[in-house]
Amino acid sequence: MSDPFFHPVSGFDLPRFAGVPSFMRLPVVPPGHDRFGEVDIGVIGVPWDSGTTNRPGPRHGPRQLRDASTMIRAENGATSVRPFEAVNCADLGDVGPNPADIQDSMTRITAFYDQVTDAGIRPLTAGGDHLSSLPILRALAKDAPLGMIHFDSHTDFFHSYFGGQMYTHGTPFRRAVEEGLLDPKRVIQIGIRGSAYDTEDKDFARANGVRIVEIEEFFARGIPDVMAEARDVAGDKPTYVSYDIDFVDPAFAPGTGTPEVGGPNSFQALCVARELAGVDIAGADLVEVSPPFDASGGTAFLGVSIMFEMLCAMVGRD
């Protein structure tokens, strides 16, 4: 049993609509807190979307995700995992980005995650746009490259944008491979679909050993088979999990910047995360929830539900 200090506030003790929201109603234990070093898994907000190329808004994602996460309870109804009793979990707060400077923001994000990894804490992140993953990986993979299981409509392996801009939410994993943060032969991307400018991103990824499972193959084979391959690609070494909410069909998750039709439904979105059990997850993120396009709040609730499934998978490895 984990320390009760790190347990969420129960809805039987304080109504879920009351109190100051934190991720999953966990205690807020930022760096510098006297119990920071006791945290096993920390939930972190990265309210930043300076890499967005079309519809901005994910900078507001962590706040909406926190609010929606008050509906998360203590036990996983499908797997019976009780993550908050298994390990010490806490809300570590938000990274403070520089909204006017991409490079300074990435430096700030990496510095925050350096503190987290130095304390032996595994991070579960709420973004932010997908460029957020790059500075996180710079902290998590500073000693050795990671594998990655990536759920998305897009590869995010583009070289550049608009005449050579190298840092956007479409380029993070190209940069991560170039910087030696990811082992491309241990990277699998699942759910890729939609119209495209060209095949430059896929050509680079495949030439370097990345496994791309496009949506047609995903549906033809089914979740258990595809996720068995994902676990095989990741192997038994530390692996990052990156989950773009636009992996999900916009009928179920409209609140995102670059939606693509023809994707999984909300149940399938949860199932792929459950199938991460057994992976050595060094860290995980859920990105691209954009409140301005999420009038009902349903995208954020699905997002935190996916985060809960990933948390349960992270706990299962301990």
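Everything below is about the structure shown above.
Read on for a plain summary of the structure. Everything numeric here is computed off the predicted structure, so don't read it as measured data.

Criteria and thresholds
- Residues numbered from 1 in each chain as written.
- Predicted model: local features only at pLDDT ≥ 70, side-chain atom pairs only at ≥ 80, totals over all residues.
- Heavy atoms only, no water.
- Helix = DSSP H or I, 4+ residues; strand = E, 2+ residues; numbered from the N terminus.
- Rg over C-alpha atoms; globule rule 2.2 N^0.38 Å.
- Buried < 20%, exposed > 50% of the residue type's maximum accessible area, 1.4 Å probe, protein only.
- Contact = heavy atoms within 4.5 Å.
- Areas by Shrake-Rupley, 256 points an atom, 1.4 Å probe, with all protein chains shown as cover.
- Pairing = 2+ DSSP bridges.
- Phe/Tyr/Trp six-rings, centres within 6.5 Å; stacked < 30°, edge-to-face > 60°.
- Lys NZ or Arg CZ within 6 Å of the ring centre and 35° of its normal.
- Right-handed = clockwise from strand over helix to strand, strands pointing away.
- Axes fitted to C-alpha atoms, helices over the stretch in contact; angles between N-to-C directions.
- Parallel < 35°, antiparallel > 145°, perpendicular 65-115°, else oblique.
- Left-handed = near helix turned anticlockwise from the far one by under 90°.
- Nonpolar A, V, L, I, M, F, W, Y, C, P; charged D, E, K, R; others polar.
- Salt bridge = Lys/Arg side-chain N within 4 Å of Asp/Glu carboxyl O.

**Considering the overall build of the chain**
For step 1, the next point in the chain: Helices and strands together make up the secondary structure of the chain, namely 10 helices and 8 strands.
For step 2, the next point in the chain: Taking 20 Å as the expected radius of gyration for a compact globule of 318 residues, we find that the chain reaches 18 Å, a close match to that expectation.
For step 3, the next point in the chain: If you line up the chain on its principal axes, its C-alpha atoms span 55 × 40 × 40 Å.
For step 4, the next point in the chain: The buried share among the 318 residues of the chain stands at 55%.
For step 5, the next point in the chain: Pairs at least 24 residues apart make up 76% of the contacts formed inside the chain by residues separated by at least 6 positions.
For step 6, the next point in the chain: Accessible area for the chain stands at about 12,400 Å²; split by element, carbon and sulfur atoms hold 54% of it.

**Here's the deal with the pairing of strand β2 (residues 89-94)**
For step 1, the next point in the chain: Among the 6 residues in β2, 5 count as buried, and that is most of the element.
For step 2, the next point in the chain: Both strand β1 (residues 41-46) and β2 contribute to a ladder of 5 bridges, which runs parallel. Among the inter-strand pairings, V43 is bridged to a residue of β2, identified as D91.

**A look at the packing of aromatic side chains**
For step 1, the next point in the chain: Per the stated rule, a full pass over the model turns up 10 aromatic pairs.
For step 2, the next point in the chain: With centroids separated by 6.1 Å and ring planes inclined at 40°, the aromatic side chains of F84 and F308 adopt a geometry described as tilted. Taken together, the residues F84 in helix α2 (residues 83-86) and F308 in helix α10 (residues 298-316) connect sequence positions 224 residues apart. Assigned by exposure class, F84 and F308 land together as buried.
For step 3, the next point in the chain: Among the aromatic residues, those joined into a cluster by ring pairs are F151, F218, F219, Y243 and F247.
For step 4, the next point in the chain: Here R35 stacks its cationic end above the ring of F5, 4.5 Å away from the centre of that ring.

**Points about the pairing of strand β8 (residues 281-287)**
For step 1, the next point in the chain: For β8, a buried count of 7 out of 7 residues is recorded, marking the element as mostly surrounded by other parts of the structure.
For step 2, the next point in the chain: Note that strand β3 (residues 122-127) and β8 share 3 bridges and pair parallel. Its bridge partner being in β8, T125 is matched across the sheet by D285.
For step 3, the next point in the chain: Inspection of the sheet shows strand β7 (residues 239-244) paired to β8 by 6 bridges, in the parallel sense. If you follow V241 over to β8, its bridge partner there is A284.
For step 4, the next point in the chain: Where the polypeptide runs from β7 across helix α9 (residues 266-274) and back to β8, its parallel neighbour, the crossover connection is right-handed.

**What to know about the packing of helix α3 (residues 102-118) against helix α4 (residues 133-140)**
For step 1, the next point in the chain: Following both chains from N to C, one finds α3 and α4 inclined at 40°, their axes separated by 8 Å at the closest point. In terms of axis orientation, α3 runs oblique to α4. Like other packed secondary-structure pairs, α3 and α4 cross with a definite hand, here right-handed. Between α3 and α4, the residues in contact are M106, I109, T110, Y113, D114 and T117 and L134, P135, I136, R138, A139 and L140, respectively.
For step 2, the next point in the chain: Grouping the constituent residues of the contact of α3 with α4 by class yields 8 nonpolar, 2 polar and 2 charged.

**Here's the deal with the sheet that holds β3**
For step 1, the next point in the chain: Ordered by their spatial adjacency, 8 strands build an open sheet running β2-β1-β3-β8-β7-β4-β5-β6, and the pairing between neighbours is parallel. Each edge of the sheet is formed by a strand with only one pairing partner; in this case those strands are β2 and β6 (211-214). Between one strand axis and the next, the sheet turns by 15° as a mean value, whatever way the strands run.
For step 2, the next point in the chain: Seen against the sheet, helix α1 (residues 61-68) touches β1, β2, β3 and β8 and runs at an angle of roughly 105° to β3.
For step 3, the next point in the chain: Across the sheet, α4 touches β3, β4 (146-151), β5 (182-192), β7 and β8, and the angle it forms with β7 is around 170°.

**Some points on the packing of α9 against α10**
For step 1, the next point in the chain: It is at 8 Å that the axes of α9 and α10 come closest, and there the two elements cross at 20°. The angle between α9 and α10 falls in the class roughly parallel. Crossing angle aside, the handedness with which α9 passes α10 is right-handed. On α10, the residues that touch S266, A269, L270, A273 and R274 of α9 are L302, S305, I306, E309, M310 and A313.
For step 2, the next point in the chain: Taken together, the residues of the contact of α9 with α10 break down into 7 nonpolar, 2 polar and 2 charged.

**Notes on the pattern of salt bridges**
For step 1, the next point in the chain: Scanning the model with the defined rule gives 23 salt bridges in all.
For step 2, the next point in the chain: The closest approach of N and O atoms between R206 and E214, which form a salt bridge, is 3.0 Å.
For step 3, the next point in the chain: Judged by relative accessible area, which is 42%, R206 ranks as partly exposed.
For step 4, the next point in the chain: Taking the relative accessible area as the measure of exposure, E214 reaches 23% and is therefore partly exposed.
For step 5, the next point in the chain: When the shortest N-O distance is used, the salt bridge between R211 and E229 registers 2.6 Å. With R211 in strand β6 and E229 in helix α8 (residues 223-234), this residue pair connects regions lying 18 residues apart in the sequence.
For step 6, the next point in the chain: Look at R211 and you get partly exposed, because its relative accessible area is 25%.

This is a description of form; function is not addressed.
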